[in-house]
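Understanding the architecture of this molecule
In case you want the letters, here they are:
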Amino acid sequence: MVTKTDGSDLSDQVKAIQAELASLTETIRKFGSQQASAGAEALHDAAGRAGETFRASAEEARRRGHQAAEDIESHITKNPVPAVLIAAGIGLFIGALIGRR
């Protein structure tokens, strides 16, 4: 048997489906926005940690370079004659290499 469907009942069902689709669309949009925000925040945090690590490494390298320079200066001050002879030997070696060209 075929039953007749009331036009207003069908219209109400279509409106309910449209409202449900709009609600689902809004939920998906909010979820996507939250995920994007969380991703951006995680990226910002990672960049901050990387920057801190870089600054710490640069500071350590600067400190070690400064310490090495002080050690070399101290060694030269304590032993000036060998330091001058070594510098002269390096200069002669570089001069010989350049002179062969």
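Up top is the structure.
These remarks concern the structure in this document. (Residues numbered from 1 in each chain as written. Predicted model: local features only at pLDDT ≥ 70, side-chain atom pairs only at ≥ 80, totals over all residues. Heavy atoms only, no water.)

**Digging into the overall build of the protein**
- Each helix and strand counted, the protein has two helices and zero strands in total.
- Whereas a compact globule of 101 residues would reach a radius of gyration of roughly 13 Å, the protein reaches 38 Å, over 25% beyond that.
- On the principal axes, the C-alpha backbone points of the protein span a range of 115 × 35 × 20 Å.
- For the protein, buried positions account for 1% of its 101 residues. (Helix = DSSP H or I, 4+ residues; strand = E, 2+ residues; numbered from the N terminus. Rg over C-alpha atoms; globule rule 2.2 N^0.38 Å. Buried < 20%, exposed > 50% of the residue type's maximum accessible area, 1.4 Å probe, protein only.)

**Overview of the pattern of salt bridges**
- Using the criterion set out here, one finds five salt bridges in the structure.
- E26 is the partner of R29 in a salt bridge, and the nearest nitrogen-oxygen pair spans 2.5 Å. Here the residue R29 and the residue E26 both occupy positions in helix 1 (residues 7–78), the gap between them amounting to three residues, near one helical turn.
- Here E26 falls in the partly exposed class, since its relative accessible area comes to 31%.
- Across the pair R63 and E60 runs a salt bridge, and its minimum N-O distance is 2.6 Å. You can see R63 and its partner E60 sitting in helix 1, three residues apart, about one turn around the helix. (Salt bridge = Lys/Arg side-chain N within 4 Å of Asp/Glu carboxyl O.)

**Some details on the environment of T27**
- With respect to the helices and strands, T27 occurs in helix 1.
- With relative accessibility at 48%, the residue T27 sits in the partly exposed group.
- Spatially, the C-alpha atom of T27 lies 77 Å from that of G89, the residues being 62 residues apart in sequence.

**Let's talk about a nonpolar patch on the surface**
- A contiguous nonpolar surface patch, about 620 Å² in accessible area, is contributed by I86, I90, F93, I94, L97 and I98.
- Here I94 shows up in helix 2 (residues 80–99).
- A residue is classified by how much of its surface remains accessible, and I94, at 43% relative accessible area, is partly exposed. (Patch = residues over 30% accessible without salt bridge, like charges linked within 9 Å, V, L, I, M, F, W, Y side chains within 5 Å. Areas by Shrake-Rupley, 256 points an atom, 1.4 Å probe, with all protein chains shown as cover.)

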